[in-house]
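Architecture at a glance
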Amino acid sequence: MVDSPYLVRPGKKFKLSDFKTDDTGKFKDRKDAAEAIRRNLKKLAKLQDVLYAQGKHAVLIVLQAMDGGGKDGTIKHVFSGVNPQGCTVTSFKQPTHLELAHDFLWRIHQATPAKGMIGIFNRSHYESVLVERVKELVPEKVWRRRYDAINDFEKMLAEESTTILKFYLNMSWEEQKRRMERRLSDPRKNWKFSPDDLKERKRWDDYMEAYQDALHRCSTEWGPWYAVPADHKWYRNWVVSDTIVRALQKLNLHYPPPLKGIEKLKVT
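Only a predicted model underlies this, so the values are computations on that prediction, with no experimental measurement involved.

Section: the side chain of Arg201
Inspection of the secondary structure assignment puts Arg201 in helix H8 (residues 195–201). Although buried, Arg201 forms no salt bridge, and the nearest oppositely charged side chain, Glu174, lies 7.4 Å from it. Among the polar contacts made by the side chain of Arg201, one reaches the main-chain carbonyl oxygen of Trp173 at a distance of 3.1 Å. A polar contact is formed between the side chain of Arg201 and the side chain of Gln176, at a distance of 2.8 Å. For Arg201, the contacting residues outside a window of four places in its chain are Trp173, Gln176, Lys177 and Met180.

Have a look at this one:
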């Protein structure tokens, strides 16, 4: 677990509304942060190369947010320099008939990263205690017991050498409005907009309550949650990249040792 002002501390009191959505930390503006972000992305690329070569650890990145929160943008920018061979991205849409015929974690487990890989979840198993809760797709007694199931599942992954980092991109109600308006006015972004987004927006308070419960109940030593200020995209990118870099550095990664007697080999 990497310490951070945005860490939802396991077992401690937590109130999502106490976390600022427009914080910029030590930076004044985008230009002030540009070099720090560039360094983070460079470090991440190098660390991922060693992670892939060593093949002893897996890294799971979970991204959750309200519509327009920046999940796609985070993936695009933070992982822009990594080797695609060592990275997978899974977007969890509405479950298929086959997936619904299994337990709610069945489709999730199949997508978890293998050792040496970084796996990125664009939405995740947390939809089962967020969307399914808010829309009342399952009874309360069902979604309530899923918190423990999620914690046990993530603990098992951690015990099998998977480092888990979960980021809630914490965007304000006002910023979501601005982003939705840009999607409607920009022909290049129209495809991202759905009328259902407006219906979901009307349930904002219900979603905030669901997110608060999920982050509080499921931020653990082995699977910490971070409530990342997301009103400023550049700062969001810095927080996420900085957290991932520091987590990878704690793994003490190193390249595998050379083959015995390699110094005697010659290329002819």
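The structure having been displayed, the exposition proceeds.
Quick look at helix H9 (residues 204–218)
Between the first and last C-alpha of H9 there are 21 Å, a value that for 15 residues agrees with the 21 Å anticipated at 1.5 Å per step. Within the span of H9, buried status applies to Trp204, Tyr207, Met208, Ala210, Tyr211, Ala214, Leu215 and Cys218. The buried residues of H9 occupy one face: seen down the axis, they fall within an arc of 165°.

What to know about a nonpolar patch on the surface
Where nonpolar side chains cluster on the molecular surface, the patch consists of Leu259, Ile262 and Leu265 and spans about 330 Å² of accessible area. Turning to its location among the elements, Leu259 is positioned in the segment after helix H10 (233–249). On the basis of relative accessible area, Leu259 is assigned to the exposed category, the value being 63%.

Parameters at a glance
Residues numbered from 1 in each chain as written. Predicted model: local features only at pLDDT ≥ 70, side-chain atom pairs only at ≥ 80, totals over all residues. Heavy atoms only, no water. Helix = DSSP H or I, 4+ residues; strand = E, 2+ residues; numbered from the N terminus. Buried < 20%, exposed > 50% of the residue type's maximum accessible area, 1.4 Å probe, protein only. Lys, Arg positive; Asp, Glu negative; His and termini not counted. Salt bridge = Lys/Arg side-chain N within 4 Å of Asp/Glu carboxyl O. Polar contact = N/O pair within 3.5 Å; in protein donor to acceptor, adjacent residues only side chain to side chain. Contact = heavy atoms within 4.5 Å. Expected span 1.5 Å × (residues − 1). Arc of directions from axis to C-beta. Patch = residues over 30% accessible without salt bridge, like charges linked within 9 Å, V, L, I, M, F, W, Y side chains within 5 Å. Areas by Shrake-Rupley, 256 points an atom, 1.4 Å probe, with all protein chains shown as cover.

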